[in-house]
Every structure is written in structure tokens, then in C-alpha cells.
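Each chain, letter by letter, is given below.
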Amino acid sequence: MSRALASRLPRTDTASARMRVQGLEHVLESAIRIPGLGTRIGLDALIGLVPGVGDAAMAAMGLYLVWEARNLGASRLTLARMVGNVGIDALIGSVPVAGDVFDFFFRSNSRNLKLLRRHLNSASA
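Remember, predicted model here, so these are calculated numbers, not experimental data. (Residues numbered from 1 in each chain as written. Predicted model: local features only at pLDDT ≥ 70, side-chain atom pairs only at ≥ 80, totals over all residues. Heavy atoms only, no water.)

1. Notes on the confidence of the model for the chain
When pLDDT is averaged across the chain, the result is 87; 90% of the residues are at 70 or more. Mean pLDDT across the secondary structure elements of the chain bottoms out at helix α1 (residues 3-8), with 54, and peaks at helix α5 (residues 76-93), with 96. (pLDDT = per-residue confidence, 0-100. Helix = DSSP H or I, 4+ residues; strand = E, 2+ residues; numbered from the N terminus.)

2. Details of the pattern of salt bridges
For the structure on display, the rule yields one salt bridge. Residue arginine 20 pairs with glutamate 68 through a salt bridge whose shortest N-O separation is 2.8 Å. Within this pair, whereas arginine 20 is found in helix α2 (residues 14-29), its partner glutamate 68 is found in helix α4 (residues 53-71), the two being separated by 48 residues in sequence. Overall, the relative accessible area of 26% leaves arginine 20 in the partly exposed class. (Salt bridge = Lys/Arg side-chain N within 4 Å of Asp/Glu carboxyl O. Buried < 20%, exposed > 50% of the residue type's maximum accessible area, 1.4 Å probe, protein only.)

3. Quick notes on a nonpolar patch on the surface
Taken together, the side chains of Val27, Ile32, Leu43, Leu46 and Leu49 make up a nonpolar region of the molecular surface, amounting to roughly 360 Å² of accessible area. Within the secondary structure, leucine 43 is located in helix α3 (residues 43-47). Residue leucine 43 is classed as partly exposed on the basis of its relative accessible area, which comes to 32%. (Patch = residues over 30% accessible without salt bridge, like charges linked within 9 Å, V, L, I, M, F, W, Y side chains within 5 Å. Areas by Shrake-Rupley, 256 points an atom, 1.4 Å probe, with all protein chains shown as cover.)

4. Some details on the nonpolar core
Grouped together as the largest cluster of nonpolar side chains are 18 residues, with contacts concentrated most on Val21, Val66, Ala69, Leu72, Leu79, Met82 and Leu116. Of all the elements in the fold, those that place two or more residues in this core are α2, α4, α5 and α7 (108-124). For this core, the leading source of residues is α4, giving five residues. Look past the residues within four positions of valine 21 in its chain and what remains in contact with it is Leu65, Glu68, Leu113 and Leu116. (Core = buried A, V, L, I, M, F, W, Y, C linked by side-chain atoms within 4.5 Å. Contact = heavy atoms within 4.5 Å.)

5. Concerning the packing of aromatic side chains
Two numbers describe a pair of aromatic rings. These are the distance of the centres and the angle of the planes. Applying the stated criterion across every chain yields a total of three aromatic pairs. Judged by centre distance (4.8 Å) and plane angle (20°), the rings of phenylalanine 102 and phenylalanine 106 are stacked. Taken together, the residues phenylalanine 102 and phenylalanine 106, both in helix α6 (residues 98-106) and four residues apart, mark about one turn of the helix. Classification of phenylalanine 102 by relative accessible area gives partly exposed; the value is 22%. Ring geometry for phenylalanine 104 and phenylalanine 105: centres 5.0 Å apart, planes at 90°, overall edge-to-face. Judged by its relative accessible area of 26%, phenylalanine 104 is partly exposed. A residue is classified by how much of its surface remains accessible, and phenylalanine 105, at 60% relative accessible area, is exposed. Lying across the ring of phenylalanine 104, arginine 107 places its NZ or CZ 5.6 Å from the centre. (Phe/Tyr/Trp six-rings, centres within 6.5 Å; stacked < 30°, edge-to-face > 60°. Lys NZ or Arg CZ within 6 Å of the ring centre and 35° of its normal.)

Right, dumping it as C-alpha cells:
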């Protein structure tokens, strides 16, 4: 592979992948502060309000986090739990109104980041 091509590809080292995952989790789950409520929401809750495509788009973003975890060597069990979190979020999130409330509380991407951090901490120990 040429040096020029290699410099354009995303970095796959652990630190770079961890930063990408943490940044995406922040945008999806807690990027927007709701004044007066003392809580935060992200694009997952907002875009999930769009019927049909919203939850599908957010599931795709959640699966990107799973793909990064796979690249970082997460176990099959960890990956299965992560896919389960995304699946539950997409399935229940697609139910009108109740699914939107569920999205606000379940936060599958935060759960998956926690699983990935646990994997990375055990791998470095």
C-alpha cells in the first residue's frame, strides 16, 4: 500500500478507535442539554422521532460502534451483547410514542461503550 493511500485511511490503533467511539456515543446519546431539566439527549432520541427511517438510521450508527469493537478484539459474547442492545433499541424504539420514551432512558450506545471500555480495560491488564 502506498504511503499516500495509507495516510488517507482512518487510523485503526486503539486510541484512535476509542476516541471515535466515545465521540459518536456522545453525539448519539448526550450532545444536547435540555435547559431546566438537568438532563441531556442526543441524536438517537431526536432522529428516532422520525417514523421508520429514524430508528433504522440510529441502529446503523449503533452497529458502527459494534464494528469498531470487533476491530478492537472484543469477544463474541461482548459483541453479541452489543448487537442485542442495538436490536432492543431499534425494535422497541420503532413503536410510536412509547419507543421514543424508551429511547430516552435505554441509551444502547452508552451501554455498548461501557461494554467496550470493560473489554479494553481487561485487555490492557
